[in-house]
Amino acid sequence: MLKTLSKELKTLLNKAIVAVSSSSKDKKFDIELSLPKDKRFGNLSTNIAFQVAPIIKDSPFNTAEKIKKELLNLLISSKKRHWIESINVLKPGFINITYSRKFLNILLKLIADSPSKFKLHNIGRKKKVQIEFVSANPTGPLSIAHGRQAVVGDAVSRILKACGYDTTKEYFINDEGNQIDALGKSVMARCLELEGKDFNISEDGYQGEYLIDIAKDFIKRFGKASFSKEHLNIKKILSVYTVKLIMDGIKKDLDDIGVSMDVWFSQKKLSRTDAIDNVIKKLKRKKLIYEKDGAVWFKSTTYGDDKDRVIVKSTGEYTYLAPDIAYHENKIKRKFSKVINIWGPDHHGYIPRINAAVRALGVSDDFLEVIIIQLATLYKGGKHISMSTRKGQYITLRQLIHEVGLDVARFFFLMRKTSSHLDFDLALAKKKSMDNPVYYIQYAHARICSILQKQKEDIKRLPRCDLNQLNDARERALINALVDYPSAVESAALSREPYFLTVYLRKVAEAFHSFYHSHRVLDDDLTKTAARIKLIKATKNILHAGLNLLGVSSPTNM
RNA sequence: GCGCCCGUAGCUCAGUUGGAUAGAGCAUCUGCCUUCUAAGCAGAGGGUCGACCGUUCGAGUCGGUCCGGGCGCGCCA
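Residue positions are counted from 1 within each chain, in the order its sequence is given. The lettering of chains begins at A and the numbering of ligands begins at 1, in the order of writing. Per-residue local features of the predicted model are confined to residues with pLDDT of at least 70, and side-chain atom pairs are confined, for both listing and counting, to 80 or more; whole-chain, interface and lining totals are unaffected and use all residues. Hydrogens are left out, water is left out, and the side-chain values use all remaining heavy atoms of the structure.

With respect to the overall build of chain A
Comment: elements are numbered from the N terminus, with helices defined as DSSP H or I runs of at least four residues and strands as E runs of at least two. The helix and strand inventory of chain A stands at 20 helices and 14 strands. In terms of principal-axis extent, the alpha carbons of chain A reach across some 85 × 65 × 40 Å. Across the 558 residues in chain A, those meeting the buried criterion constitute 52%. Only heavy atoms enter the contact rule, under which two residues are in contact if any of them lie within 4.5 Å. For chain A, restricting intrachain contacts to residue pairs at least 6 apart in sequence, the fraction spanning at least 24 positions comes to 72%. Only the protein chains shown count as cover for residues, with accessible areas throughout obtained via the Shrake-Rupley method and a probe of 1.4 Å. Looking at chain A as shown, the accessible area adds up to about 27300 Å², and 50% of this sits on carbon and sulfur atoms. Positive charges are assigned to Lys and Arg, negative charges to Asp and Glu, while His and the chain termini are left out of the count. Every charge is mapped to an atom, namely NZ of Lys, CZ of Arg, CG of Asp or CD of Glu. Within chain A, one finds 93 positive and 62 negative side-chain charges whose respective centroids are separated by 5 Å. Exposure classes here rest on a 1.4 Å probe applied to the protein chains alone. A residue is buried below 20% of its type maximum, exposed above 50%, and partly exposed in between.

A closer look at the nonpolar core
Nonpolar core, defined: a set of buried Ala, Val, Leu, Ile, Met, Phe, Trp, Tyr and Cys residues in which side-chain atoms within 4.5 Å join the residues together. Formed by 140 residues in total, the largest nonpolar core has its most connected members in I67 and F413. Setting aside residues up to four positions removed in sequence, F413 forms contacts with I144, G147, R148, V151, V152, I257, A376, L397, L400, L422 and F424. Core analysis: the second largest hydrophobic core is formed by 34 residues, I332, A356, A357 and F367 among them.

With respect to the packing of aromatic side chains
Pairing of aromatic rings covers Phe, Tyr and Trp, the last through its six-membered ring, and needs centres within 6.5 Å; plane angles under 30 degrees mean stacked, over 60 mean edge-to-face, and all others mean tilted. Summed over all chains, the structure comprises 19 aromatic pairs. Centroid distance F412 to F424: 5.1 Å. Interplanar angle 35 degrees. Geometry classified as tilted. With F412 in helix α14 (residues 406-414) and F424 in strand β14 (residues 422-425), this residue pair connects regions lying 12 residues apart in the sequence. Assigned by exposure class, F412 and F424 land together as buried. Judged by centre distance (6.1 Å) and plane angle (45 degrees), the rings of Y485 and Y504 are tilted. Of this pair, Y485 sits in helix α18 (residues 485-495) while Y504 sits in helix α19 (residues 499-518), placing them 19 residues apart in sequence. Among the aromatic residues, ring-to-ring pairing joins W83, Y99 and F103 into one connected group. Taking the ring centre of F336 as reference, the NZ or CZ of K128 above it sits at 4.9 Å. Taking NZ or CZ as reference, K292 lies 4.6 Å from the ring centre of W297, over its face. In this scheme, Lys NZ or Arg CZ marks a charge over a ring once it lies within 6 Å of the ring centre and within 35 degrees of the ring normal.

Here is the structure:
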């Protein structure tokens, strides 16, 4: 309904502009109807007069007045005229549109009684979108940084799905290569250590203590005797075994933070096919491959990279780029219309080359989208907690979830723009008080549930609901906040920024708490009660839907 | 040196293709629990938007130069 209305308004505005300025007939204006930052400017606002003013050589304010006049005339013959309360022109030249009471009532009833029909704009149209995220090397437990990537990826996926996209969440497992060999060696060293033999973990090895457990586990299952430094086979088996155990751990960590992947894509399996060789051949045919210094190079500069990249080392081994190009070719073959990669900031230098590769494979510029999630740093009461992966001195994602819980962890990870560093204050996250924005929102939901429960017990029958009863400023503010939901979700979807939703939900919760304190829902006046019950049901549905898109629960009592 | 992110209230941050009086939360201060959850509400104070130029009807937002902070620049993955 909201979409129908805004579409209609845009058409009418365009007609109005043509009427105002006969000269601009061929110029099509991209009219934007945005949510004003303050509700006293109405429900929708447009700055179109600023664009038209220079053309008709009049002030923005006068232009706005002229457009408004035309718009009002056009509206008379529109079926949607009853949905508009007023159109106002304000100071510099904004045109503000306010929904009618009737329209708001229709929306409110819809949200309260059949939220599934209060549709989000179907901007996705079932387009296949793949979101690849986390894809952490299986060399250790997930870090806080991975946690943020996981939660953002998951929330973006939920939000896109809600907007009509067909999403696939995917994890690329880097289960072969030098790092995996180093991992095997490190576990081998731990095994030797456990047997009291000589051992050393090399510079590029992994020193995390979690490997000791894996070593113990391995010895328990396969016995001691098999170990000596010469056993290369054992080392291989050990790598495979370790990767599997670590991946199990990673899957569990993701599960614990509410993230489930649709596809686990193994690099090793990809390597077993001819995919990598084939894709290199394909690039060769396009004359994008050459040899230099004994290595094979990909001419990524053709597509905007600042230097060409090695894909086969002089040793004959692939660099990481080779399987990754093959992986992206695989994504293309799977007919996704868009692929979103979510990476940590340490990978941003990698974007031009993978972009070059994807374009070399012949898909359009906007096929691949890379989102860099800035780091999340942990604080405890203002003190920074430093971390180092290799040395294994860090707080893992698992420990964090254990300390603050899934809901808080997820919400905190989503609270900031992905391009901003995130300060995660453990002390704040653990507080069960109003400082904690998660509880603030969940508390609103729980309060509503409690009132609804009481209403069920106390009042048997409510009179017919008249939503015009909701006439106080706070009630109207709450209604206005509720109807912005589709717009908030859409902003989050298009910008791939779930934090829009966290901000929006806070606003709704605030409007509710404020309403709650100035009005009793269960009033002696049962007509008022009936209307307010409808209002809080609608609020509950919006809070629930929004929290759900973030993967945060909506408790019925707290 | 090059590239990316950031610099807005004491702290953590919003500010949607440039737009209306620069906003929240925390912290500080003042009020509010005999009535549906006080994990709450109402209100107050707090700003040279890092600096300087420029673009224009209009700049926190765009461009340039500089200052400050974080990260990345492998035949690692």
